[in-house]
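Overview (structure and organization)
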Amino acid sequence: MQGNDTSAHQQQGQPSAVAKTPHAAAATAAVLSRPQRGHRVKAAESIMQTLRADIASGVLSPGTRLPTERELAAHFGVSQPTVREAVRGLEAVGLVESRHGSGVYVNASRQDFVSHSLETLLQMQQAHILDVFDVRRALGMHSVRRACEAITVADIDAMESALRQATEATDPHAIADSLLDFQITFSAAAGNALLTAMESVLIRILLQIQNMAYADKDDAWQREYAAELVEHRHDVLRALRAGDHQAVEHAWARYFDAQYERFRRDPVLSHVTLDDRQAIEAVRDIAISLGPRLSS
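Presented here is an overview of the structure given in this document. Only a predicted model underlies this, so the values are computations on that prediction, with no experimental measurement involved.

The first and last C-alpha atoms of helix α7 (residues 172-188) sit 24 Å apart over 17 residues, in line with the 24 Å expected at 1.5 Å per residue. Those residues of α7 lying buried are P172, I175, A176, S178, L179, L180, F182, Q183, I184, F186 and S187. Buried positions along α7 lie against α5 (129-147), α6 (153-168), α8 (193-213), α9 (219-227), α10 (230-242) and α11 (245-265). Structurally, the start of α7 carries an N-cap: the backbone nitrogen of H173 is 3.0 Å from a side-chain oxygen of D171.

Following this line, the structure appears as structure tokens:
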């Protein structure tokens, strides 16, 4: 690291505009922050924290192209390799994406960042799959109490359409996508974007694990497996159509209980621990090795 890199965390905590160049991004004109004085961290980490704060606060909005490495290096008073290290850190956590020949952009989807962060947390905690489901169920029941007051006929129609698509689909990924839509459409009606993002990640993990575990099963088996809980989903829709909030809550509770029992009783799924990506990918191998013991 060059000697002037340390100035990145010795500057005053005052905003400063990055100088424009003919090739500057739209974000160049934005007032970027500077690292606060007294931060005892390496320059790249300090820059990463500062840019992350600017992204979170909207100074760098979704879809914005970051200034070039040269511009950022001049702004922060560091070398370009130091800036490159900081940007790679942001890319690793899903806050920005690099587009070949175009530059680095703030990720338009905050879902990627939430997903990466939550998956990392689950892996670090070596979370058991039933623990994952416990959290998903708790968040889901909170959504129920909020969404019942705000859900629209259009939302219910979208849920019904997603359920119909899940019933008619044969590809396991298409089935999973439709079941995700069914659940997330309801969660989104609660009007809490963070809640919906967290639920979406947890549901995706649960669906992904099931798909990976039984990827070798034929289409007929996949349809039958997806249909096991279909009556619970229809109960949810009927209660929503009737506008009976208590019935909606009871229907979702029964649905979650049935899902939990599916995982708890399954000889493959009940043993999954999310301590690393290999554990998730190994689920399918576990399923194959168990062979005839798996119930259809």
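As a further point, take the packing of α10 against α11. Contact geometry for α10 and α11: axes closest at 8 Å, N-to-C directions at 170°. With respect to α11, the axis of α10 lies roughly antiparallel. Between α10 and α11, the contacting residues are H232, R233, D235, V236, A239 and L240 on the first element and A247, V248, A251, W252, R254, Y255 and A258 on the second. Residues belonging to the contact of α10 with α11 are distributed by class as follows: nine nonpolar, one polar and three charged.

Bringing the pattern of salt bridges into the picture now. Scanning all chains against the criterion turns up 14 salt bridges. The closest approach of N and O atoms between R241 and D157, which form a salt bridge, is 2.8 Å. Taken together, the residues span a long stretch of sequence, with R241 in helix α10 and D157 in helix α6 at a distance of 84 residues. Taking the shortest distance from any N to any O, the salt bridge between R241 and E160 comes out at 2.6 Å. Of this pair, R241 sits in helix α10 while E160 sits in helix α6, and the two are 81 residues apart along the sequence. Taking the relative accessible area as the measure of exposure, R241 reaches 42% and is therefore partly exposed.

Counting residues in hydrophobic clusters, the biggest one holds 46 residues, and the most contacted among them are I129, M159, F182, F186, L240, V248 and W252. Listed by contribution, the elements that provide at least two residues to this core are α5, α6, α7, α8, α9, α10 and α11. The residues touching F186, leaving out its near neighbours within four places in the chain, are S143, V144, A147, I151, M159, L240, V248 and W252. In this structure, A43, L60, V83 and V87 belong to the second largest nonpolar core, which totals 18 residues.

About the criteria used
- For every chain, the first residue of the written sequence is number 1, and numbering continues from 1 along that sequence.
- Two thresholds apply to this predicted model, a pLDDT of at least 70 for residue-level local features and 80 or more for giving and counting side-chain atom pairs, whereas whole-chain, interface and lining totals are computed over all residues.
- Heavy atoms throughout the structure, all of them, feed into the side-chain values; hydrogens and water do not.
- The secondary structure listing takes helices from DSSP runs of H or I that are at least 4 residues long and strands from runs of E that are at least 2 residues long, numbered from the N terminus.
- Helix span, expected: 1.5 Å multiplied by one less than the number of residues in the helix.
- With a 1.4 Å probe rolled over the protein chains alone, any residue whose accessible area is under 20% of its type maximum counts as buried; one over 50% counts as exposed, and the rest are partly exposed.
- Throughout, a contact is declared for two residues whenever any of their heavy atoms are within 4.5 Å.
- In the analysis that follows, any N or O atom pair within 3.5 Å is treated as a polar contact, provided that within protein one partner can donate a hydrogen and the other can accept it, and provided that, for residues neighboring in sequence, both atoms belong to side chains.
- Between the N-to-C directions of two axes lies an angle of 0 to 180 degrees, each axis being a line fitted to C-alpha atoms and, for a helix, fitted only over the stretch in contact.
- When an angle is under 35 degrees it counts as roughly parallel; over 145 it counts as roughly antiparallel; between 65 and 115 it counts as roughly perpendicular; any other value is oblique.
- Three classes are used: nonpolar for Ala, Val, Leu, Ile, Met, Phe, Trp, Tyr, Cys and Pro, charged for Asp, Glu, Lys and Arg, and polar for all others, with Gly counted as polar.
- A side-chain nitrogen of Lys or Arg and a carboxyl oxygen of Asp or Glu constitute a salt bridge if their distance falls within 4 Å.
- Nonpolar cores were defined as sets of buried Ala, Val, Leu, Ile, Met, Phe, Trp, Tyr and Cys residues, with membership established by side-chain atoms within 4.5 Å.

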